[in-house]
Amino acid sequence: MRSAAAAPHIVWAVLFIVVPLIIVVYYSFTDRSGAFTLDNIKGLGDYTQIFLLSVELALIATIVCFLVGYPLAYIIARQKPKMQKFYIMLLMLPMWTNLLIRTYSLMAIFDDGGFLNTLLGTQFHIIGTKGAVIFGMVYDFLPYMVLPIYTCISKIDPFMWEAASDLGCSPLSVIVKVIFPLSLSGIISGITMVFVPSISTFYISQKLGGGTFELIGDTIERQFASNALNTGAAISFAMMILILISIWIMNKFSDPEEGGIIV
Amino acid sequence: MKKFSAAYLIIIFGILYIPIVTMMLFSFNSSSSTANFTGFSFYWYRELFVNSRDVTFNALKNTLILALSSAALATVIGTAAAEGVNRMRSKLAKRLISGVTNIPMMNPDIVTGMSMMLLFVAVTSFIGIKYDDIGFIAMLIAHTTFCIPYVFLSVMPKVKNFSSYLSDAALDLGCTPIQAFFRVELPNIMPGVITGFIMAFTLSLDDFVISYFVGGTTFQTLPLLIYSMTKKKVTPDMYALSTLIIVVIFLLLVITNIRNDKEERKLLRANKNNKGRLIGK
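Per-chain numbering applies: the sequence of each chain, read as written, is numbered from 1 onward. Lettering for chains starts from A, numbering for ligands starts from 1, and both go in the order in which the items are written. Selection of residues for local features in this predicted model requires a pLDDT of at least 70, selection of side-chain atom pairs for listing and counting requires 80 or more, and totals for whole chains, interfaces and linings are taken over all residues.

Q: For this particular structure, what's the right way to read the overall build of chain B?
A: Helix numbers and strand numbers start at the N terminus; a helix is a DSSP run of H or I with at least 4 residues, a strand a run of E with at least 2. Secondary structure assignment for chain B yields eleven helices and zero strands. If you list the helices and strands of chain B from N to C, you get α-α-α-α-α-α-α-α-α-α-α. Only C-alpha atoms enter the radius of gyration, while the globule expectation follows 2.2 Å times N to the 0.38, with N the number of residues. Over its C-alpha trace chain B gives a radius of gyration of 24 Å, far above what one expects of a compact globule, namely 19 Å for 281 residues. Counting only C-alpha atoms, chain B reaches 70 × 65 × 40 Å along its principal axes. With C-beta atoms placed from the backbone, the exposure class of a residue follows from how many other C-beta atoms lie within 10 Å of its own: 20 or more, buried; 12 or fewer, exposed; in between, partly exposed. Out of the 281 residues in chain B, the part that is buried amounts to 36%. By the convention adopted here, residues are in contact when the distance between their C-beta atoms, placed from the backbone, does not exceed 7 Å. Taking contacts inside chain B between residues at least 6 apart in sequence as the whole, the part at least 24 apart equals 75%.

Put into C-alpha cells, the structure is as follows:
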C-alpha cells in the first residue's frame, strides 16, 4: 500500500519523459501537416558526414580524457584524506562554473588576436581547428571522467595494495592487475559521462570551431532555430538510438550493481 | 614517483585554471580588449550593475526562483518515489520505473530539451495559447524532470538501508503512517534528501541546453543571458559577471567544507567521549 508514494513520480515520468519521446518519434515520421512520411528518416543519409565527424571528435576527446584523467584520479586517491578533499574541490570548482563561461574563456585565449598570441607575439591559428574543439571538450568534461574513477579507486581496500605486493607484484603490476580491474565500473561511467555530452555539444563547436565545421548538435540546433522541427526530431531520434546502443554495449562490460555514480 | 605526482597535479590543475584566472584578470581591464591588459579598473563591473542592471538582476532572480522551486519539487517527488519503489514487491516494476527515471540522465541534454519543447509546442497549440504564456511553467517542468533522477539516486540507498522495523515500532507505539514517516524515517534518510536537493539545485542553476530549447522569450535565466551575450563580440562585462559567479561559488564551497569539517570533528570527539565512558564503566 505504501508503494503508492511512487504514484506522483510515475505519472510525472509518463507525462514528461515517455510522452515527449513518443512525440519525437511521431515528429520523425510525419511532415509539417502531420501526414505520415519516411522522408525525414531517408534524409538522415545527408548527415552521415556530420555524424561520423561528431563520433570521431567525441571519441578522441573521450580517449584523451581517460588517458589524462585516470592518472589524475589515481594520484588524488593516494593522497592523505584532507588533501583528497581539497583536490576534489579544486576539480569541481570549474565544473560549477557554467560551461558557457569556461568555453568562452578558452575562446578568448586561443583567438587569433587573443591572449595567447598577444602574450607570445605569435600568429597561431587555433580557433576553427579540430584540435581546438577536442581541447574544449576535454577541458569542459575532464572532471566527469576523473570523479567516478576517483570514487572507485578510493573505495578499494588499502590492504589490496599490500596483499598484491606481498604476493610478488611490482608497483606497476599492482596497478595493472589489481587497481585497474577494480576501477572498471568507474571507468565505464566516466567514459559514458564524457562521450554523451561531447557528441551532442553545440556550444563548444560553435565557439571553438569558429563556424568552420558542424557537429550533430549544431545541426539539431540549426533545425530547431529555423523551425524545421520534423528534421530536427529525426536527427535527435537517430542520435538517441546511437547513444542508447553505445551505453548498452558499455554496460555489458560492467557490473550493474556497482555503477559508479556521479559524486 | 612522488615528484612525478606533484608535477602532474600542478600541470593539470594549471591548465584547468589558466583560462579562469585569465578571465578574472581581464574583467578588471580598463579597455574592452581581452588580449591586452591596459590598466586596472572596475569599469566593467559598473557597466554590469549600473547600465544593464535590470537585465542582470532579472536573470539572476529568475535563475534562483527556478532553481529553488524545481529542486524543491524534484526533492519531494523523488523522495516519495524512492520510498514507494523500495516497498514495491514486483522486481519488474522496480526495474521498469528505475529505467524510465534514468532516461533524462542517459539521454543527451539536447534530446531531452528537444523532446520537451515538442511536447509543449503540441500542448499549447492544442489548447490554443501562445508558447510564451507558459514560459515559467515549461521551464519548471523541464528542470524538475531532469532533477528527479539525481534525487532518486541519492535517496534510494538511504531508504534501502533504513530498517523497516523502526517504522513498525513507531506504528506500534501509536503513530499514524504519516507521522511514522516524518518523525522516524525522514530524519534517518535526511542526508540523502539534502544531497539530492543540493545536486538538483546546482544542476538547475547551471543548465543551459535544456533551458535553451524549452525556454520561450519571456523567461530568461542567467545561462541564457550569458549565451545571448556571448553571441556578440567578446566584451569584459561577461567576464565580470562570470568572475562574480565563480567567487560566490568558491565561497559557498569553502563555507560548506569548513562546516562539514567542524561537524566531523564534533562527531569524532563525541565518539571518543562515549568510548571513554564505556571503558570507564
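Q: Just checking my understanding: could you explain the overall build of chain A for this structure?
A: Scanning chain A from N- to C-terminus turns up 13 helices and zero strands. Along chain A, helices and strands appear, N-terminal first, in the series α-α-α-α-α-α-α-α-α-α-α-α-α. Reported as C-alpha extents along the three principal axes, the dimensions of chain A are approximately 70 × 70 × 30 Å. Expressed as a percentage of its 263 residues, the buried residues of chain A come to 44%. The long-range share in chain A, meaning contacts at least 24 apart out of those at least 6 apart in sequence, stands at 74%.

Q: I keep staring at the domain arrangement of chain B and nothing clicks. Help me out?
A: The accessible area lost on association of the parts is a frequent measure of interface size. These domain limits were set by an automatic method or by a database of domain assignments. As assigned here, chain B comprises domain 1 (1-41 + 234-281) and domain 2 (52-232). When each unit is reduced to the centre of its C-alpha atoms, the spacing between domain 1 of chain B and domain 2 of chain B is 28 Å.

Q: Looking at this structure, how should I read the confidence of the model for chain B?
A: In this model, chain B carries a mean pLDDT of 85, and residues with pLDDT of at least 70 account for 95%. Overall fold confidence for the complex sits at a pTM of 0.85, while the interface term, ipTM, reaches 0.84. In predicted models, pLDDT denotes the confidence assigned by the predictor to each residue on a 0 to 100 scale.

Q: Can you help me understand the environment of E56 of chain A in this one?
A: By the element assignment, E56 of chain A lies in helix α3 (residues 48-77). It is 9.9 Å that separates the C-alpha atoms of E56 of chain A and I134 of chain A, two residues lying 78 residues apart in sequence.

Q: Just to check I follow, could you spell out helix α1 (residues 2-26) of chain B for this structure?
A: One turn of an α-helix holds 3.6 residues; hence residues three or four places apart share an orientation. Residues and elements named next belong to chain B. In this scheme, a helix's expected span is set at 1.5 Å multiplied by one less than its residue total. Across its 25 residues, α1 extends 35 Å between first and last C-alpha, which sits within 8% of the 36 Å expected from 1.5 Å per residue. Each residue is assigned a bend, namely the angle between axes fitted to the seven residues that terminate at it and the seven residues that start at it. At Y17, α1 shows its maximal kink, close to 35°; a proline, P19, follows between one and four residues later. When we look at burial in α1, the residues that qualify are P19, T22, M23 and F26.

Q: Is there a simple way to explain the packing of helix α7 (residues 130-155) of chain A against helix α10 (residues 184-200) of chain A in this structure?
A: Any two packed helices are characterised by how steeply their axes cross, that is the angle between the axes, and by the distance between the axes. Residue and element names in this part refer to chain A. It is at 7 Å that the axes of α7 and α10 come closest, and there the two elements cross at 160°. Our classification of the angle between α7 and α10 gives roughly antiparallel. The two elements α7 and α10 cross, and the hand of that crossing is right-handed. Taking contact as the criterion, the partners of M137, F141, Y144, M145, P148, I149, T151 and C152 in α7 are, on α10, S185, G186, I187, S189, G190, M193, V194, P197 and S198. Under the scheme applied, nonpolar residues are Ala, Val, Leu, Ile, Met, Phe, Trp, Tyr, Cys and Pro; charged residues are Asp, Glu, Lys and Arg; polar residues are all the others, including Gly. Here the contact of α7 with α10 is composed, by residue class, of eleven nonpolar, six polar and no charged. With axes taken as lines fitted to C-alpha atoms, and helix axes fitted only over the stretch in contact, angles between N-to-C directions fall between 0 and 180 degrees. An angle below 35 degrees is read as roughly parallel, one above 145 as roughly antiparallel, one from 65 to 115 as roughly perpendicular, and any other as oblique. Two helices cross in a left-handed way if the nearer one is turned anticlockwise from the farther one by less than a right angle. They cross in a right-handed way if the turn is clockwise.

Q: Just checking my understanding: could you explain the interface of chain B and chain A for this structure?
A: Facing the 60 residues of chain B at the interface are 60 residues of chain A. For the side of chain B that touches chain A, the elements supplying multiple residues, two or more each, are α1, α3 (53-86), α4 (91-106), α5 (109-127), α6 (135-161), α8 (177-206), α10 (222-231) and α11 (236-280) of chain B. Of the residues forming the side of chain B that touches chain A, the biggest block, ten residues, is contributed by α1 of chain B. Tallied by class, the residues present in the side of chain B that touches chain A amount to 43 nonpolar, 13 polar and four charged.

Q: What am I meant to see in the packing of helix α5 (residues 99-110) of chain A against α1 of chain B here?
A: The N-to-C vectors of α5 of chain A and α1 of chain B enclose an angle of 80°; their axes lie 9 Å apart at closest approach. What the angle tells us is that α5 of chain A and α1 of chain B run roughly perpendicular. Of the residues in α1 of chain B, those touching α5 of chain A at R102, S105, L106, A108 and I109 of chain A are P19, I20, T22 and M23 of chain B. The class makeup of the residues in the contact of α5 of chain A with α1 of chain B is six nonpolar, two polar and one charged.

Q: I'm lost on unusual backbone geometry in this one. Help?
A: Glycine aside, a negative phi is what most residues show, and trans is what most peptide bonds show. In this structure, N227 of chain A is a non-glycine residue whose phi angle is positive, near 65°. A residue is classified by how many C-beta atoms lie within 10 Å of it, and N227 of chain A, with 8 of them, is exposed.

Q: I keep staring at the domain arrangement of chain A and nothing clicks. Help me out?
A: Domains assigned within chain A are domain 1 (1-37) and domain 2 (47-258). In this complex, domain 1 of chain A contributes seven residues to the contact, which on the side of domain 2 of chain A involves six residues.

Q: Just to check I follow, could you spell out the confidence of the model for chain A for this structure?
A: Reading predicted coordinates in detail is not appropriate for stretches of low pLDDT. Residues and elements named next belong to chain A. In the predicted model, chain A carries a mean pLDDT of 86, and the fraction of residues at 70 or more is 95%. The secondary structure element of chain A with the lowest average pLDDT is helix α6 (residues 115-120), at 81, and the one with the highest is α3, at 94. Throughout residues 256-263 the model reports pLDDT below 50, and contacts reaching past four residues in sequence, or to other chains, amount to 17 contacts.

Q: How should α8 of chain B be read in this particular structure?
A: Residues and elements named next belong to chain B. A rise of 1.5 Å per residue sets the reference length of α8, with its 30 residues, at 44 Å; its end C-alpha atoms lie only 38 Å apart and thus fall more than 12% short of the reference. Approximately 60° is the largest bend angle found in α8, and it occurs at L186, with the proline P187 only one to four residues beyond. A180, I189, G192, V193, G196, F197, M199, A200, S204 and L205 are the residues of α8 that are buried. Here the buried face of α8 lies against α3, α6 and α7 (164-172).

Q: Help me understand the nonpolar core in this model?
A: Proteins that are soluble and globular tend to have nonpolar side chains buried together. For this analysis, nonpolar core means a set of buried Ala, Val, Leu, Ile, Met, Phe, Trp, Tyr and Cys residues linked through C-beta atoms within 7 Å. One finds A73, V146, I149, Y150 and V194 of chain A together with M114 and V214 of chain B to be the most contacted residues of the largest nonpolar core, which totals 131 residues. Broken down by element, the residue count for this core peaks at 16 residues, all from α7 of chain A. Beyond its immediate sequence surroundings of up to four residues, I149 of chain A is in contact with G69, Y70, A73, S183, G186, I187 and G190 of chain A.

Q: Where do I start with the environment of S198 of chain A in this structure?
A: Residue and element names in this part refer to chain A. With respect to the helices and strands, S198 occurs in helix α10. Classification of S198 as buried rests on a count of 29 C-beta atoms within 10 Å. As for S198 and K82, which are separated by 116 residues in sequence, their C-alpha atoms are 32 Å apart. Non-local contacts of S198, meaning those with residues more than four positions away in its chain, are made with A58, A61, T62, M137 and F141.

Q: Where do I start with the environment of V254 of chain B in this structure?
A: All names here are of chain B. One can find V254 in helix α11. Here V254 falls in the exposed class, since 12 other C-beta atoms lie within 10 Å of it. Each C-alpha atom, one on V254 and one on T22, is 22 Å from the other, the two residues being 232 residues apart in sequence.

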